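# Results of the structural survey
Each chain, written out:
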Amino acid sequence: MSTTTGHVNGSQPRFTNYVAYTDSNTSGQSRIGHLDVEKSTIQPLSFSSGAPLANLYQVIEIGETNIEPAGEVIQLSSVQLLPPISGRDILAVGKNYFEHAIEFNTSGYDSSDKVDQPTHPVIFTKRSTSIIAHGEPIFPHPGFTDTVDYEGEIGVIIGKGGFKIKEANAMNHVWGYTIINDMTARERQRDHKQFYIGKSPDTFCPMGPIAVPACDLPKTLRVQTHVNGSLRQNSTTDDLIFSIPFLVQTLSAGQTLQPGDVLATGTPAGVGFGQKPPVWLKPGDVVEVSVTGLGVLRNTISEPTATNQTIARVEKASHIPISNLDKTCGGVGLTEVNSKKLYYRQAGDASKPPIIFIHGLGGSSEFYTPLIASLGLEKTSSLHLLDLEGHGLSPTSAKSTITIESYAEDVHGLSQYAKISRATVVAHSMGCLIALTLATKYPELVSKLVLLGPPPSPVPEVVRDGSVARADTVRKSGMVAVVDAVVTAGTSAKSKSDNPVGISAVRMSLLGQDPEGYAKGCTALAGSSEALPVSQIKAQILIVTGEEDKVSPPEVCEKYGQEIKGAKVQVLPQVGHWHIYENLTGVSNAVGTFLSM
């Protein structure tokens, strides 16, 4: 096993000890690095582009010439090791060392062909849920088995897929090797005739700690197993009944092998049932399997009262997609609000009066950055900026149904998290419906309300139908399919002709959205079919719209002004719906005057 990086032609670094891990800086996401065994450090690795490597499947596919070191070396003790490769059942071979075949045939636990040397490879599989990493405890499964046994093995990792691979060419399809402990419940293996049940209990396939390319290892590999420091197994690949090339040929004869498939090649003599009398593993026993160049795979048998960690791992796994999560590298920097991970930041002076900002459809909390700077609000207020679910940096789960009401509950949840009361709420576009919902349901939270371009309530049927159609469009074709139409309809003629920076800001805001998050915003808007009881609102209100705002025409705002006692309405000339981007000075003057009242 290589302990440090080597070099090819004196310059190109090579990494051989591939290790999979997670650490606190990856938000639970798996990463691949090179393990320096002597120093107990890991060099994180990436594609040549700089994108981090997440699993060994990527390493196999991209090839070592396209792999580079990424960032600082980290301590092995600071990470959680993972199996070097996982996610698929293990292809395995029984009775593949001559002496082991004899001891198995005479043990009373062999339910196969009961001959000392099989005429064909004995092939079985180990369920993927049995795979655990170096150092993880092996659960002994009380009540299921009383005959827990070990089998130290060499794991072959396929690098190049193939069908009907010839034995002579088989090693061209092998990427490398890892260590496997083929743990077995012997009486289950015997009683069920086939090996699967006895081989697949949870945690019964420790693997690792590393995977190494075949080109960096000698042709002959030695496998040894120690139990509590006592040598039990000791043999080499020269003693295999069926060679690795022959096994690859056999397995691919009727099925296509895939890159990343793992083949456990069989175990030598010296397993627990081969002892006289048989010696089964018990809680506290430490099993160490070593292979030339691959280090030592070490695992301990846990107490019967211990937790089977596979249960939690399976329960945690989900096939429900979460959109827009990659922008934060899996959730780094997000805040939990109402059991959701959302992007929230507090700015300004926390001791000053609070202002909550609610952006609109296709926007994010950054929409308000120019207004905050123009009015110097960071010096006078405590600013609370939230990206609505699915927008900006906030992810959204496919199982989450979003409505105007759910958005409002998230803002209310934020107010509880940040301990906000009697706040000024500034909202834009669809965010105005959220703010109005908030003000009617939680009047104690809202003291002042600034509405920039509020849509009518209820939203007209034609607009609701159009929102549903737009959601369908972006789900099929992405944001590029709607950006031109939104910009054309949403900005004024003057902005289009004289304000390229403003138009660019609108386009960037829209094109930066996650399509699914935007689609959910569209359907939330489409669901706003009932009039909000805005006449109940007691907060001071400023309504700002544009002369050419087609989402919030002046007449809609005047109607709001009539329904809400004391509401002030200001119409900005030659402005469309993206008010701050189109006329920052006009919005700043109106909002600044209102806030100073």
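Presented here is an overview of the structure given in this document. Values in this document were obtained by computation on a predicted structure and should not be read as measured data.

### Some thoughts on the sheet that holds strand β21 (residues 295–300)
Across the sheet, which stays open at both edges, the 4 strands sit in the order β18-β17-β20-β21 with antiparallel pairing between neighbours. Pairing within the sheet leaves two strands with one partner each, and these edge strands are β18 (230–236) and β21. When strand polarity is set aside, the average angle formed by the axes of neighbouring strands in this sheet is 15 degrees. Looking at chain direction, strand β17 (residues 222–227) and β18 are connected through 6 bridges and run antiparallel. Looking at β18, one finds that His226 is bridged to Leu231.

### Here we look at the packing of aromatic side chains
Enumeration over the complete set of coordinates arrives at 9 aromatic pairs. Each ring, one from Tyr18 and one from Trp175, has its centre 5.8 Å from the other, and the planes form 55 degrees; the classification is tilted. Here the residue Tyr18 occupies a position in strand β3 (residues 18–22), and Trp175 occupies one in strand β14 (residues 174–181), the gap between them amounting to 157 residues. On the accessibility criterion, Tyr18 (1% relative accessible area) is buried. In textbook terms, an aromatic cluster arises when at least three aromatic residues are bridged by ring pairs, as seen for Phe357, Phe367, Tyr368, Trp578 and Tyr581. Directly above the ring of Phe144 sits Arg188, whose terminal nitrogen or CZ lies 4.3 Å from the centroid.

### What about the pattern of salt bridges?
Should the charged atoms of two oppositely charged side chains come close, the side chains can pair. Applying the stated rule across the entire model yields 20 salt bridges. Its salt-bridge partner being Arg88, residue Asp261 comes within 2.9 Å of it at the nearest N-O pair. In this pair, Asp261 is assigned in the loop between α5 (244–252) and β19 (262–264) and Arg88 in the loop between β8 (80–82) and β9 (90–94), connecting sequence segments 173 residues apart. Across the pair Arg186 and Asp149 runs a salt bridge whose closest N-O atoms are separated by 2.8 Å. Here Arg186 is found in helix α3 (residues 186–191), whereas its partner Asp149 is found in strand β12 (residues 148–149), with 37 residues between them in sequence. Connected through salt bridges with shared partners, the residues Lys126, Asp149, Glu151, Asp182, Arg186 and Lys199 form a single ionic network.

Calculation rules
Residues numbered from 1 in each chain as written. Predicted model: local features only at pLDDT ≥ 70, side-chain atom pairs only at ≥ 80, totals over all residues. Heavy atoms only, no water. Pairing = 2+ DSSP bridges. Helix = DSSP H or I, 4+ residues; strand = E, 2+ residues; numbered from the N terminus. Axes fitted to C-alpha atoms, helices over the stretch in contact; angles between N-to-C directions. Phe/Tyr/Trp six-rings, centres within 6.5 Å; stacked < 30°, edge-to-face > 60°. Buried < 20%, exposed > 50% of the residue type's maximum accessible area, 1.4 Å probe, protein only. Lys NZ or Arg CZ within 6 Å of the ring centre and 35° of its normal. Salt bridge = Lys/Arg side-chain N within 4 Å of Asp/Glu carboxyl O.

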